[in-house]
Amino acid sequence: MGETEVLTTKKKKKFAYEPVFTEKKEYRPENVREVGFVFVGHEISEDGNVMNQFLHYDQLYTIRHGQNSRFFKGLLDGKILGTRCPRCGDTWVPVRTHCWNMDCNLQKTEWVEMPLKARVHTWTVAGWSGRSSLKRLPIILVYGVIEGSKVAIANELKNVKPWDVEFNMPLKIVFKPPEERIGAIIDFHFEPEDGWEPSPMNKEKERIKKLVEPVYEWVKTLK
Amino acid sequence: MNRKVCIVGGATTPFDYGPTGFENIEGGAAECVKETQRDIPEFSLRDIDLMIYSHFSVHFGHQLAPEWIIHDHLGLVGIPHYRVENGGNTGGSALYAAALAVMSGHHDVVGVIGWETMDSVSQSQGSEFIAMASDIRYELLVGGIYPIYYAAMANKWMHENRVTEEDVATIAVKNRNNAMDNPKAQWYRNEHRYITVDDVMNSRLISYPIKKYDCCLMSRGVAFLLVCSEEYAKKVNPDGYVTIDGMGLSSCTIRAGDRLNFPGWIERYGPGYPDMTEFAACRNAAEQAYKMADIEDPLREIDFGEIHDAFSTSEAQIYTALGLADKNNIAQFIRDERTHMHGDIPMNPGGGLMGYGHPVGATGIMSAIECFYQLSGMIPKKHLSRKTEVPDAECGIVNSHAGTGTSISNFIMRRH
């Protein structure tokens, strides 16, 4: 017995980089909780032929931003960080951690701070959306090209009437107050550049106004 | 030498939403197979040597690997199976996989079953589930869902191509009214009415310039298609089989904003294309399919199509991507009603996604089935009248479309 090797479980040294998370924030609303599978009801048709059951299932996800982390951390600081390929110079927000150009062969990109200026590439006025966004309607969604970027990024345009948006209009990027930021894309939105004035009403603007006005009323009826 | 790929049969369940759609998926699949057997009695489940399942989101189904439930319900244990998932182009991609399997010579008789049960959650939750196929870190959180992304793309396209809201509304009217001749179509089974351009213009705003009736339907439905070698086709359906003479599959960016200067497109088509307005993957996939099928002039050589009208605007954009019209004449092309039943290239005689419905995994299969029915002369049997039959159809196109144009497939089918 004394000759048998005793196997013990020790805390193993990990051979992978293990980040130590020191800055933790919890802002979970009270009504958000994970409860696993719960059957919450059922219904049976009058003729007894069809049955429906109601199942609730909810879970918590961890979005591990990994190499993209600096972009989302930058939002907390009120900065838009883009990436740039040191070989071809292409620059992006949304970021790419490796270059899209085949000739650069997945070249690692470098981080650059972007100006808080953009232009409307295209736009729409939403009167309907996913469950999480219904109460925010109407939403003006624009694809804006941030100065220096090769791509357009989607975000909300505020501080303008829905019918006054224009192609190519100049925008500024406006961040929420620091205490309200969560390190997500909704930490900022677009607004018209200071001094920009909408053009006079025209036929298309009247049409959009007519389509949007009932949306304001409908949103008021949402619980 | 590649083998010919044929289609010999197929069927869908009725497409529905909510209380009227009570088929469980495996029961629905069984009914689709049985309907196919009524059309081609020589076909037995014993003939199948591969099953490909076409299903988009397990979020709707609250069941991982639901294809395993269907497969064993059909008694197919021992037959190889796998599932294909590729967003809205799941059906087209599953058909692509089935065609490759036959073409390679490795399989002879391939069953494709597609389905989606989108009515297991509310409409707004369903929109949000689908939108999880957009980049949730950047796009979903700012309030985006697909109709909004498509509206932003269409808005610029319509301005640049001088296409009006009324123009695209005619497409919504066409497809819904075609569906009124199709007893399996969701529009026929539920709203059930003929509509006008005014109805579309007056429907509620979804995202400018898209209104409610410019949008496809969320659906529950199952579809089954039988893909096979020519040898098998001659055995079970010698007079009615259809050949897949061309096919193409292509891809574009997940985020529409990323395609302004994408090196891969600049290399193929030069700078400034596709911008956020053109469906480059559709053009690219069409070029592959046309080349394979020896089509030089699609407008003249293709008789009709079943294409991915997720939105009236996107059907219009697809016309140009397929090379049927260009920037200079697209508005007139629409106004001349070239794609209506009385036009020279009817599109979506079966009702399309706006009329028949859009249960994502089943959709591309449904389009292929409708195309097959037209080419094999089965429309009088499957639709309510000959109003939606394309007379003497020899060649059809099937188009399936995912994301913001992120994956697109095109198939050229011909009567043999």
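Residues numbered from 1 in each chain as written. Chains lettered and ligands numbered in written order. Predicted model: local features only at pLDDT ≥ 70, side-chain atom pairs only at ≥ 80, totals over all residues. Heavy atoms only, no water.

Peer 1: Help me out: how do you make sense of the interface of chain B and chain A in this one?
Peer 2: Interfaces are often described in size by the accessible area the parts lose on coming together. The interface of chain B with chain A comprises 42 residues on the first partner and 50 residues on the second. For the pair chain B and chain A, the two sides together bury roughly 4,100 Å², of which 60% comes from carbon and sulfur. When the area that chain B buries against chain A is broken down by residue, the three leading residues are Tyr138, Val142 and Tyr208 of chain B, summing to 18%. The tally of links from chain B across to chain A stands at two salt bridges. The partner of arginine 207 of chain A in a salt bridge is glutamate 165 of chain B, with the nearest N and O atoms 2.8 Å apart. Connecting chain B to chain A are 21 residue pairs in polar contact (both at pLDDT 80 or more). Residue assignment for the side of chain B that touches chain A shows that the elements contributing at least two residues are α5 (123–131), α6 (136–140), α7 (146–161), α10 (197–202) and β5 (205–207) of chain B. By residue class, the composition of the side of chain B that touches chain A is 19 nonpolar, 13 polar and 10 charged. (Contact = heavy atoms within 4.5 Å. Buried area = accessible area lost by both parts, 1.4 Å probe. Salt bridge = Lys/Arg side-chain N within 4 Å of Asp/Glu carboxyl O. Polar contact = N/O pair within 3.5 Å; in protein donor to acceptor, adjacent residues only side chain to side chain. Helix = DSSP H or I, 4+ residues; strand = E, 2+ residues; numbered from the N terminus. Nonpolar A, V, L, I, M, F, W, Y, C, P; charged D, E, K, R; others polar.)

Peer 1: Quick question: what am I supposed to make of unusual backbone geometry here?
Peer 2: Negative phi characterises most residues that are not glycine, and trans characterises most peptide bonds. Here the amide bond leading from leucine 137 of chain A into proline 138 of chain A is cis, since omega sits at -10°, within 30 degrees of zero. A cis amide bond links tyrosine 273 of chain B with the next residue in sequence, proline 274 of chain B, at an omega value of 5°. With a phi close to 50°, alanine 65 of chain B is a non-glycine residue in the positive phi region. Structurally, the position occupied by alanine 65 of chain B is in the loop between α2 (58–61) and α3 (67–73). The backbone phi angle of aspartate 275 of chain B is positive, close to 55°, even though this residue is not glycine.

Peer 1: Looking at this structure, how should I read the nonpolar core?
Peer 2: Most often, soluble globular proteins keep nonpolar side chains buried together rather than apart. Judged by nonpolar contacts, the single largest core of 166 residues is most densely connected at Ile80 of chain A together with Leu322 and Met413 of chain B. Setting aside residues up to four positions removed in sequence, leucine 322 of chain B forms contacts with Cys282, Ala286, Tyr290, Pro298, Ile307, Met347, Ile397 and Asn410 of chain B. Core analysis: the second largest hydrophobic core is formed by 26 residues, Ile25, Ile40, Trp115 and Ala233 of chain B among them. (Core = buried A, V, L, I, M, F, W, Y, C linked by side-chain atoms within 4.5 Å. Buried < 20%, exposed > 50% of the residue type's maximum accessible area, 1.4 Å probe, protein only.)

Peer 1: I keep staring at the packing of aromatic side chains and nothing clicks. Help me out?
Peer 2: Given two aromatic rings, one states the distance between the centres and the angle between the planes to describe the pair. Here the structure, examined in full by the defined rule, presents 23 aromatic pairs over all chains. Taking the centre distance of 4.3 Å and the plane angle of 10° together, the rings of phenylalanine 37 of chain A and tyrosine 57 of chain A count as stacked. Of this pair, phenylalanine 37 of chain A sits in the segment before β1 (38–44) while tyrosine 57 of chain A is found in the loop between β2 (51–56) and α1 (69–76), placing the two residues 20 residues apart along the sequence. Note on tyrosine 57 of chain A: relative accessible area 46%, which makes it partly exposed. Judged by centre distance (5.3 Å) and plane angle (85°), the rings of tyrosine 146 of chain B and tyrosine 149 of chain B are edge-to-face. With tyrosine 146 of chain B and tyrosine 149 of chain B both in helix α7 and three residues apart, the pair spans about one turn of that helix. Look at tyrosine 146 of chain B and you get buried, because its relative accessible area is 9%. On the accessibility criterion, tyrosine 149 of chain B (1% relative accessible area) is buried. Clustering of aromatic rings is evident, with ring pairs tying together Phe71 and Phe72 of chain A together with Tyr138 of chain B. (Phe/Tyr/Trp six-rings, centres within 6.5 Å; stacked < 30°, edge-to-face > 60°.)

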